[in-house]
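One-letter residues, chain by chain:
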Amino acid sequence: DAGITQSPRHKVTETGTPVTLRCHQTENHRYMYWYRQDPGHGLRLIHYSYGVKDTDKGEVSDGYSVSRSKTEDFLLTLESATSSQTSVYFCAISVGDGATDTQYFGPGTRLTVL
Amino acid sequence: QKEVEQDPGPLSVPEGAIVSLNCTYSNSAFQYFMWYRQYSRKGPELLMYTYSSGNKEDGRFTAQVDKSSKYISLFIRDSQPSDSATYLCAADSGTYKYIFGTGTRLKVLA
């Protein structure tokens, strides 16, 4: 998994509760990403980061916030979880020399919102 | 219309067959094209990376990009049951943000 860990790996929570997912990389790669994967939609980008405290929105950012206070950690927060946020969440890092960067994915977090 | 379209399958083939997986895209700015393999309940793993048009081969896998028709393909020769997985194509215009297809489920029957 390219030195990427995600925690927790599984979580069940209730509607309206806050949830934070953590992505940790063991190297100092600049770009980190959060995706969600749903049947029929594939992987969709939620937010990404291009450095400490530098983040930007992706395709499906509503209801999500992110923070990156250290190079190695990228946090995804659902401020008030809804059932539509039940999904599998993947973190990714971009690895390369700037010309041929490719993304490598973590093992995923399976989130169920009841 | 999605920027990257992919038939969801499932595609079932006998062991040893040549498999052809395809995606189409609409954004002519895409320059980088990737194929990922994803086993059930696992994260996607990078299989092939191609820049611009042309072919790239790696063992039993060949990635092909035709920018004139906005068509990308992945061929798997001598397919094995262990190749059974979902295959995702992705494209990037150099913005570091990938656009993924929805994935094609492949089953290779022993």
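Residues numbered from 1 in each chain as written. Chains lettered and ligands numbered in written order. Predicted model: local features only at pLDDT ≥ 70, side-chain atom pairs only at ≥ 80, totals over all residues. Heavy atoms only, no water.

## As for the overall build of chain A
- A tally of helices and strands in chain A yields zero helices and eleven strands.
- Counted from the first residue to the last, chain A has its helices and strands arranged as β-β-β-β-β-β-β-β-β-β-β.
- A compact globule built from 114 residues should have a C-alpha radius of gyration of about 13 Å, and chain A, at 13 Å, falls within 12% of that.
- Considering only C-alpha atoms, chain A reaches an extent of 40 × 30 × 25 Å along its principal axes.
- By sequence separation, contacts in chain A at least 24 residues apart represent 54% of the contacts at least 6 residues apart. (Helix = DSSP H or I, 4+ residues; strand = E, 2+ residues; numbered from the N terminus. Rg over C-alpha atoms; globule rule 2.2 N^0.38 Å. Contact = heavy atoms within 4.5 Å.)

## Section: the overall build of chain B
- When helices and strands are tallied, chain B shows zero helices and eleven strands.
- Walking chain B from its N terminus toward its C terminus, one meets helices and strands in the order β-β-β-β-β-β-β-β-β-β-β.
- What you see for chain B is a C-alpha radius of gyration of 13 Å, in line with the 13 Å of a compact globule of 110 residues.
- Along the longest, intermediate and shortest principal axes, the C-alpha atoms of chain B span 40 × 25 × 20 Å.
- Relative to its full complement of 110 residues, chain B shows a buried share of 43%. (Buried < 20%, exposed > 50% of the residue type's maximum accessible area, 1.4 Å probe, protein only.)

## Here's the deal with the packing of aromatic side chains
- As enumerated under the stated definition, the model contains 17 aromatic pairs over all chains in all.
- Between Tyr35 of chain A and Phe100 of chain B the ring centres are 5.5 Å apart and the planes differ by 90 degrees, which places this aromatic pair in the edge-to-face class. Taken together, the residues Tyr35 of chain A in strand 4 (residues 32-38) and Phe100 of chain B in strand 10 (residues 99-100) connect one chain to another. There is no split in this pair, since Tyr35 of chain A and Phe100 of chain B are both buried.
- Pairing Tyr32 of chain B with Tyr51 of chain B gives two aromatic rings, centres 5.0 Å apart and planes at 40 degrees, and the pair type is tilted. Pair noted here: Tyr32 of chain B is in strand 4 (residues 32-38) and Tyr51 of chain B is in strand 5 (residues 45-51), with a separation of 19 residues, a long-range link. (Phe/Tyr/Trp six-rings, centres within 6.5 Å; stacked < 30°, edge-to-face > 60°.)

## Let's talk about the interface of chain A and chain B
- Taken residue by residue, the interface counts 24 residues in chain A and 17 residues in chain B.
- Together, Leu43, Gln103 and Phe105 of chain A form the three largest contributors to the area buried by chain A at its contact with chain B, with a combined 25%.
- Applying the counting criterion to the chain A and chain B interface returns zero salt bridges.
- At the junction of chain A and chain B, the tally comes to six residue pairs in polar contact (both at pLDDT 80 or more).
- Classifying every residue of the side of chain A that touches chain B by side-chain character gives eleven nonpolar, ten polar and three charged. (Buried area = accessible area lost by both parts, 1.4 Å probe. Salt bridge = Lys/Arg side-chain N within 4 Å of Asp/Glu carboxyl O. Polar contact = N/O pair within 3.5 Å; in protein donor to acceptor, adjacent residues only side chain to side chain. Nonpolar A, V, L, I, M, F, W, Y, C, P; charged D, E, K, R; others polar.)

## Remarks on the sheet that holds strand 3 (residues 19-25) of chain A
Residues and elements named next belong to chain A.
- Taking strand neighbours across the sheet as the criterion, the four strands line up as 1-3-8-7 in an open arrangement whose pairing is antiparallel. If you trace the sheet from one side to the other, it starts and ends with strand 1 (4-7) and strand 7 (64-70), each paired once. Averaged over neighbouring strand pairs, the angle between their axes works out to 20 degrees when direction is ignored.
- In terms of strand pairing, strand 1 meets strand 3 through four bridges, oriented antiparallel. The partner of Gln6 across the bridge, within strand 3, is Cys23. (Pairing = 2+ DSSP bridges. Axes fitted to C-alpha atoms, helices over the stretch in contact; angles between N-to-C directions.)

## Focus: the pairing of strand 8 (residues 73-78) of chain A
Residue and element names in this part refer to chain A.
- Of all six residues that make up strand 8, five are buried, and the element is covered over most of its length.
- The pairing of strand 3 with strand 8 spans six bridges and is classified as antiparallel. By the bridge assignment, Thr20 is partnered in strand 8 with Thr77.
- Note that strand 7 and strand 8 share five bridges and pair antiparallel. Looking at the pairing, Ser67 lines up with Leu75 of strand 8.
- What sits between strand 7 and strand 8 in their antiparallel hairpin is a turn of two residues.

Geometric values such as these leave the question of function open.
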